[in-house]
Amino acid sequence: MKLKPLYIVVISCIQISFAQNYEAKVDSLMQLMTLQEKIGQTTMYSGNWDQTGPFVGSDNGKYIREGNMGAMLNAMSVKGTRDLQKIAVEESRLGIPLLFGYDVIHGHRTIFPINLGLSASWDLKMIEESSRIAAEEASAEGIHWTFAPMIDVSREPRWGRISEGAGEDVYLNNRIAEAYVKGFQGDDLSKHNTILACAKHYVAYGAAQAGRDYHTTNMGEGELRNVYLPPFKAAVNAGVEAFMSAFNELNGVPTSGNKFTLRDILRDEWKFDGFVVSDYTSINEMINHGFAKDSIDAAKIGMNAGVDMDMVGDVYRLHLQQLVEDGKVSETYINDACKRILMAKYKLGLFDDPYRYIDEKREATTKYRPEFLAKAQEIASASSVLLQNKNETLPLSNTTNTIAFIGPLVKDKADILGNWAAKGDRYGKAISIFEGLSAYLKPEQILFAKGCDILTDDESGFEEAIKISKQADAIVLVMGEDHHMSGEAASRTDLKIPGIQPKLIRKIREANLTKKITLVLMNGRPLNLSKEVELVDAILEIWFPGTMGGAATADLLFGKVNPSGKLTVTFPRNVGQVPIYYNMKNTGRPIPEHWPKADYKSNYIDVANTPLFAFGHGLSYTSFKYSELKLSSETLTYSNAIEASIEVSNTGKFDGYEIVQLYIHDKVGSVTRPVKELKGFEKVFLKKGQTKTITFTITVEDLKFYNSEMTYGVETGEFEIAIAPHSDFKFKHAFNLID
Ligand code: BGC
């Protein structure tokens, strides 16, 4: 055992300016490293985390000691990470500290709404705060690096991972990507409460064919550059330190072996200088894709394409040295990869103090702090979307004699956290909706029946549910998906509320023809609610709202908080309309305005083209009135901006937030342009009776896109413009861009 790691002796002798500091230190450390030790830094294994910490299996301990492991995932807790870090620092030849990574996706202990829900808040500050809190909690348990944010644009509700992202829109994804990165990484990575962020899954994973996870993606470069790449570019601009390559192939080349996306775009065009990790065994999976002959070939392709770190696949450790010796992989690539990973460790301050994230006191006092839980409650209510509210069914009154709460999710404390809930406590800490009600109702006002399960077809609970629904003065159904139905490997071909829940909804309506029924939905994707919109009066979409979800939902149901979330993804009328998104192309045969369908036009014979709920839709307990839009000029030039403004008034009975959205349509382009595109938004608070003027500044930057030559720029001509409460509107105003 050594007293002092060798790197400390070497680097402490070097006196150089602060700016060159890290780099020179890394370079001199690398002088001491063998090729295999450098490869060790590019290798990540998984710890088998259990109640008290990660299991230091013989191989993990051995690899760390030999300098054959640079990073570890699924290893945490102060005790566990200290044991592992000690081996790295005290027992390996050079004493290079390990990097601990984990999936901190929408909270670590305090769980926030699933990311699709978070995006529905359109609240960048809240999203940043949620990832800041997640970083506080995760870093206090020894974690240095999160595999988040997931910034895959997706228009595919069948795909279970749509729940992990920010929906279908590019602009919104860009802004949200920046907010997450800022939250996780903070302003100084060397602080013990900041962690590395990782933009994933690079790239186009959200376009999996038929919504089946891990499936093939095919698209032209224009669509790739205009739709799927921008959030990743935004993350680079926000300073993200790591990228994760994806599982999918893209136009025949797996994204974990894709030189075009990883080297040409990410490194050469965008100048990204952080490191790229593969997804879990995604380098090895190139064999199944039919792109690599065997694991040696896979290691070669992965490193040559630009994947710096192998997550769990064990092909870099085993094969890279030989591949270098055989001249099949350039040693420069290994040096670059190793250097980037060591640089990240330097930035985190791990070379100054490898135990900087390991502090019992901080671990014990950081999780579930009251202010974190309060923030989680606020964010959960801001993320819910009031989809429908006929006859002012909501808010409920707490003076109502009795309210029947029916459904498999009323008392749930497990699904409410959603998928990828890190170390969130599904039973002890989560507040169920039932528990949330106690702030508003006395026990004798609450009637409860589970009614049915989410997935079985056992109808034995129907009778009791129908009985209490008849006794009650109002009815609230709490239904949806279970949390395993979204997230990774959770694709569905059917978008209906699962199981026999729709049947129970129908039976309850049949037994209560005139009573007001509210449906509270927990789910991780857009659902087909075509039947339910007819059967119930109000629908409140709460996604999987997280630890404080029950309390937040009760606040919304009883009007303490006015709903303000808006959809960031389109809800279709049925699964056959998928993919359906607001910014489609017009086609050569669009249906005439106001026509539901027409012969030989681009429509279906059995259902309208329109969605059930459009992107941007979300109601409030109050109402908002938008004035006519005003443009400062109808002519935009390359050097002058124009301003578009509108007055928004709260004309209803409650104070509330409104999310005001700016859309533009480039009417004619050298490549066709979407029928409308979100270009800005503002979330504004209006007291009842209050009016505010909202102004957006438009410059040529807002109008740029990649043309058929893959040049990014603007084209002169006419642009339609609107400021609207959602994406379902017709343009009435326009401006011209002139040279
Ligand atoms: C997922 C990633 C995740 C990784 C590590 C993979 O299966 O695709 O999103 O970060 O596992 O847990």
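Only a predicted model underlies this, so the values are computations on that prediction, with no experimental measurement involved.

**A short note on the domain arrangement of the protein**
Reasoning step 1: Taken domain by domain, the protein holds domain 1 (380–577) and domain 2 (624–737).
Reasoning step 2: Listed by partner, the interface residues are six residues for domain 1 and ten residues for domain 2.
Reasoning step 3: Looking only at domain 1, the three residues that lose the most surface to domain 2 are Asn562, Ser564 and Lys566, adding up to 72% of its buried area.
Reasoning step 4: Counting across the domain 1 and domain 2 interface gives two salt bridges.
Reasoning step 5: Measuring nitrogen to oxygen at the nearest pair gives 3.3 Å for the salt bridge that ties Lys653 to Glu392.
Reasoning step 6: Summed over the shared surface of domain 1 and domain 2, the result is four residue pairs in polar contact (both at pLDDT 80 or more).
Reasoning step 7: Taken together, the residues of the side of domain 1 that touches domain 2 sort by class into two nonpolar, two polar and two charged.

**Some thoughts on helix α13 (residues 295–305)**
Reasoning step 1: For α13, every residue scored as buried is listed here: Asp297, Ala298, Ala299, Ile301, Gly302, Met303 and Ala305.
Reasoning step 2: Each element contacted by the buried residues of α13 is listed here: α11 (259–269), α12 (286–289), α14 (315–325) and α15 (331–347).
Reasoning step 3: One side-chain oxygen at the N-terminal end of α13 lies 3.2 Å from the backbone nitrogen of Ile296; it belongs to Asp294.

**Things to note about the site of the ligand**
Reasoning step 1: In the vicinity of the ligand, the contacting residues are Leu73, Asp103, Phe147, Arg161, Lys200, His201, Met244, Phe247, Asp279, Tyr280, Met311 and Glu488.
Reasoning step 2: A distance of 2.4 Å separates an oxygen atom of the ligand from a polar atom in the side chain of Asp103.
Reasoning step 3: One of the side-chain nitrogen or oxygen atoms of Arg161 is found 2.7 Å away from an oxygen atom of the ligand.
Reasoning step 4: Taken together, the residues that form the shell around the ligand break down as six nonpolar, one polar and five charged.

Conventions and cut-offs
- Residues numbered from 1 in each chain as written.
- Predicted model: local features only at pLDDT ≥ 70, side-chain atom pairs only at ≥ 80, totals over all residues.
- Heavy atoms only, no water.
- Domains from an automatic or database assignment.
- Contact = heavy atoms within 4.5 Å.
- Buried area = accessible area lost by both parts, 1.4 Å probe.
- Salt bridge = Lys/Arg side-chain N within 4 Å of Asp/Glu carboxyl O.
- Polar contact = N/O pair within 3.5 Å; in protein donor to acceptor, adjacent residues only side chain to side chain.
- Nonpolar A, V, L, I, M, F, W, Y, C, P; charged D, E, K, R; others polar.
- Buried < 20%, exposed > 50% of the residue type's maximum accessible area, 1.4 Å probe, protein only.
- Helix = DSSP H or I, 4+ residues; strand = E, 2+ residues; numbered from the N terminus.
- Near = heavy atom within 4 Å.

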